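Coordinate inspection notes
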Amino acid sequence: MDVFKSSFCIGHVIIGCQCKNILVALSPRICLAGLIAIGGIFSISSDVCAELIQTIDNDAQPSLNKDEKKGLTNSLENKKESQSEIINLPDEIIAPPLELQLQADEQSFDPNRQIFIAKGNVVARLNGAILKAETISFDKAFSSLLATGQVRLIKGSQYFQASSFYYNLINNEGEIKDVYGVLDLQYLGRDARISQINNESNDLLIKESPVSQIQLKDGFDFDGKIGLPSSYANDLGDKPKSSGKLSSYIKTINRTDLIQGSINRWRVQASLITIQPQGWQAKKMAFTNDPFTPSQTRIDAEDVIAKEQEDGSSIITSEKSRLIIEESLNIPTGKRRFGEKKKKPLWIFGIDFKDRDGLFVGRKIKPINLGNQYELSIQPQFMLQRAVSGNTKSYIKSGSSFTSEKVHSAATIYDLFGLKANLNGPIKNWDLDLNANISTLNPLRFMDGSRYWGSVKNSYNIGLLKDVETTLFGAYRYKAWNGSLGETDIYKAYGLYFEKKNRWKFSDITNSSRFRIGLGNYEAEKLYTKDLTNLWRTSFYSSLESTYPIWTGQKAKLTKNAAFRYSPEPIIPRLDFKTKVSNAYFLYENGTSQNTLSIRGGPDLTLGNLDRPIFSYTKISIMPGISLKSGSSPFSFDESIDLKTINFDITQQIFGPLILNGGMEYNIDTDSEYYGKMINSKAELIWQRRAYDLAIFYNPYKGMGGVMFRLNGFDFKGTGRPFLNKQNDLENSDPLIQKSS
């Protein structure tokens, strides 16, 4: 018999056997055991080899006749007394570099091209990756592979389908053509290298199936976000002031809180992806955060590069991009970074009548790293309305008392510029957070136009109490809001407090509690006067909020045209009764004290599923409250002034994705001088879709408002299908969306 040549893949096997210049293609469904590769020498059990000679590739080589097949089998059988047959291979044929399992309808070796070929329903498993195709071929050294025809590549949480896939297993280089895929940026670095072994079970692999089990997971504040971050904070150890249901627009449609700044799950399409050891890149690529096709939003990016970070995550960058909304609105968005955490808005337009005379614009610059642990964020601002009018009414007269009335005056060039800054980082086991809000650079009123506050926080276990948050705080010209008394300023404050929060369920009742104890020194406005007083204050605060479910309706169908038509989450009709019981006790240095017990409760009703074009969603909340009080505060900022209140909040779909939300809170205490006074209000006009939100909001009572835009991020099962009609749509100026469902 002529020299017997063999090459193999460990596991399910491709075997090329040359006997009398005839190639025998062996069965792909029989596992070759006992193969040992040492240099170019293999040890092959002869009886196993005899069993492997089953099929013949008629297309590639002449078939063996019955006698030839019998002769080859007998030749191997005669060597059974020997444990193994040592076969010398040419030096250029080496063992495969990876553990490889292969299944196919046909397998063969092409001696002219020196490649191994698997055809028909081919499934290859490479170190935890699954590669499917109509045809997969390897070079004789098993250093590279080429897959063509309905290619599917799955590894961990990543999925690609393509027309062809080439990969060099030695150099970790290759390319994928006509690509549609699902990326999970959280695990992209782990899954990107095919040559790196994945120990995850097959249960963790993404499954090729229609999209299902959709959940709102995260969100991204776009780099064109405009809005006004609230400057009314509540971190000085006083009791939380929120007494009603007024809330941000992002919570009005019964959704979960969004994680600021990142979307981990993207569906992508590209004509060509080039793979390199350090990552991969594409000249053009489309990203959509929408799990459904057609997609409501997508980002078309150019010069896309994905690189693995030190922590194992991946960052995808592009030099140029545009946001396409509903295939009708095309917004240039410049350079983009996908997968980066804590993304902040670059441009901010807002309204602040208290400190900035109205409309202003801010630009966030790249954070400055101070050492290895501290980060300084700076946002220069320009006062648009102040520049147009040429004057300001946000400051007191130079040299007058801090509590004096603000006056009109001419605005200088320095009054047109402001600054916001934040410094954060660790101090040993404590978290440092320092903030500055400066509304003028005019040196004559710089201190009157500046506000500062900061804290250091840590969590401790105190006795049986776990995770008690400890906070040291300080502030200068700190804004506070106190119902009917309106806005007041705390001139200076410092102190500490301890706070413990809990959430739990008892039967169907959802509960949350808070307990806070604090000690601080405050210099602030006296009650009913503009004079300042300086006193130490000890505070105790506790609260219990509960939600009692009374009735729950049915979800709409979990489809893109029903439950997910205008909402990122299914809306469930329901009726809940909500209550809040709280107690606050303040003891002041001058011997006075204030003690309040407050009870609030009312229905929270949701009707409709927001699944039809008109009036298919209404949410109404009514929350009356009463407080019992003894004693009084010497300060204006923490006096319990509104002892009987009622809050109304309504959200109503008008037409399609257009939703109106409004809320008002009134003083209804007939014994109060502020009886009938509105103590809070808001109005929001929301254009809400599954994949994005656009909202205009304004609080007339506090004089604050703005515009916000957000892309929603989802977690889901399955892979879905392409959202562009064809790959060359990326080359067109007006990409088409796939219209079929």
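Everything below is about the structure printed above this text.
These notes cover the structure that comes with them. From a predicted model like this one, the values you see are computed outputs, not experimental measurements.

Structural notes on the overall build of the protein chain
Of regular secondary structure, the protein chain possesses four helices and 43 strands. Here the protein chain holds 741 residues, and 50% of them are scored as buried. If you take every contact in the protein chain between residues at least 6 apart in sequence, the share linking residues at least 24 apart comes to 59%. When the accessible area of the protein chain is evaluated, it comes to approximately 34700 Å², of which 55% is carbon and sulfur surface.

So, the layout of surface pockets
A volume near 630 Å³ is recorded for the second largest pocket. Surrounding the second largest pocket, 24 residues form its lining, Glu405, Lys406, Glu487, Asp489 and Lys530 being those nearest its centre. Elements represented by at least two residues in the lining of the second largest pocket include exactly strand S27 (391-396), strand S32 (465-481) and strand S33 (487-506).

Brief notes about unusual backbone geometry
Look at the link from threonine 293 to proline 294: it is a cis peptide, with omega at 0°. Topologically, proline 294 is positioned in the loop between strand S17 (279-288) and strand S18 (297-308). Even without a glycine there, the phi angle at glutamate 326 is positive, about 55°. Along the chain, glutamate 326 turns up in the loop between strand S20 (320-325) and strand S21 (329-332).

Comments concerning the side chain of lysine 619
With respect to the secondary-structure elements, lysine 619 resides in strand S38 (residues 618-631). On the accessibility criterion, lysine 619 (16% relative accessible area) is buried. A distance of 3.4 Å separates the side chain of lysine 619 from the side chain of threonine 606, its partner in a polar contact.

Things to note about a nonpolar patch on the surface
Taken together, Ile614, Phe615, Ile654, Phe655, Leu660, Leu685 and Ile696 make up a surface patch of nonpolar side chains, about 670 Å² in accessible area. Along the chain, leucine 685 falls in strand S41 (residues 678-688). Overall, leucine 685 belongs to the partly exposed group, its relative accessible area being 40%.

Looking at the environment of leucine 658
As for its position among the elements, leucine 658 is in strand S40 (residues 658-667). Taking the C-alpha atoms as reference points, leucine 658 and tryptophan 687, separated by 29 residues in sequence, lie 4.7 Å from one another. In contact with leucine 658, other than residues within four places in its own chain, are Gln652, Gln653, Leu685, Ile686 and Trp687.

What to know about the pattern of salt bridges
Under the criterion given, the structure shown has 28 salt bridges. Note that aspartate 300 and arginine 322 form a salt bridge whose closest N and O atoms lie 3.4 Å from each other. Placement of the pair is aspartate 300 in strand S18 and arginine 322 in strand S20, with a sequence separation of 22 residues. In this structure arginine 322 comes out as buried when scored by relative accessible area, which is 18%. The closest approach of N and O atoms between arginine 689 and glutamate 326, which form a salt bridge, is 2.6 Å. Taken as a pair, arginine 689 in the loop between S41 and strand S42 (692-699) and glutamate 326 in the loop between S20 and S21 lie far apart in primary sequence, 363 residues in all.

Here's the deal with the pairing of S40
As defined by bridge partners, strand S39 (residues 644-655) adjoins S40 across 10 bridges and the pair is classed as antiparallel. Directly across from phenylalanine 655, in S40, lies its bridge partner leucine 658. With antiparallel pairing between neighbouring strands as the criterion, S39 and S40 make up a hairpin whose turn holds two residues, including glycine 656 at a positive phi of roughly 55°. As judged from the nine bridges shared by S40 and S41, these two strands associate in the antiparallel manner.

Brief notes about the side chain of glutamine 296
Among the structural elements, glutamine 296 can be located in the loop between S17 and S18. For glutamine 296, the side chain forms a polar contact with the main-chain oxygen of arginine 565, separated by 3.5 Å. Not counting residues up to four positions away in its chain, the partners in contact with glutamine 296 are Asp290, Ile324, Ile325, Glu326, Phe564, Arg565, Arg689, Arg690, Ala691 and Tyr692.

Procedures and definitions
Residues numbered from 1 in each chain as written. Predicted model: local features only at pLDDT ≥ 70, side-chain atom pairs only at ≥ 80, totals over all residues. Heavy atoms only, no water. Helix = DSSP H or I, 4+ residues; strand = E, 2+ residues; numbered from the N terminus. Buried < 20%, exposed > 50% of the residue type's maximum accessible area, 1.4 Å probe, protein only. Contact = heavy atoms within 4.5 Å. Areas by Shrake-Rupley, 256 points an atom, 1.4 Å probe, with all protein chains shown as cover. 1 Å grid on protein atoms, 1.4 Å probe; cavity = no way out; pocket = protein on both sides within 12 Å on 5 of 7 lines; lining within 4 Å. Points joined across faces, edges and corners; volume = space filled by probe spheres on them. Polar contact = N/O pair within 3.5 Å; in protein donor to acceptor, adjacent residues only side chain to side chain. Patch = residues over 30% accessible without salt bridge, like charges linked within 9 Å, V, L, I, M, F, W, Y side chains within 5 Å. Salt bridge = Lys/Arg side-chain N within 4 Å of Asp/Glu carboxyl O. Pairing = 2+ DSSP bridges.

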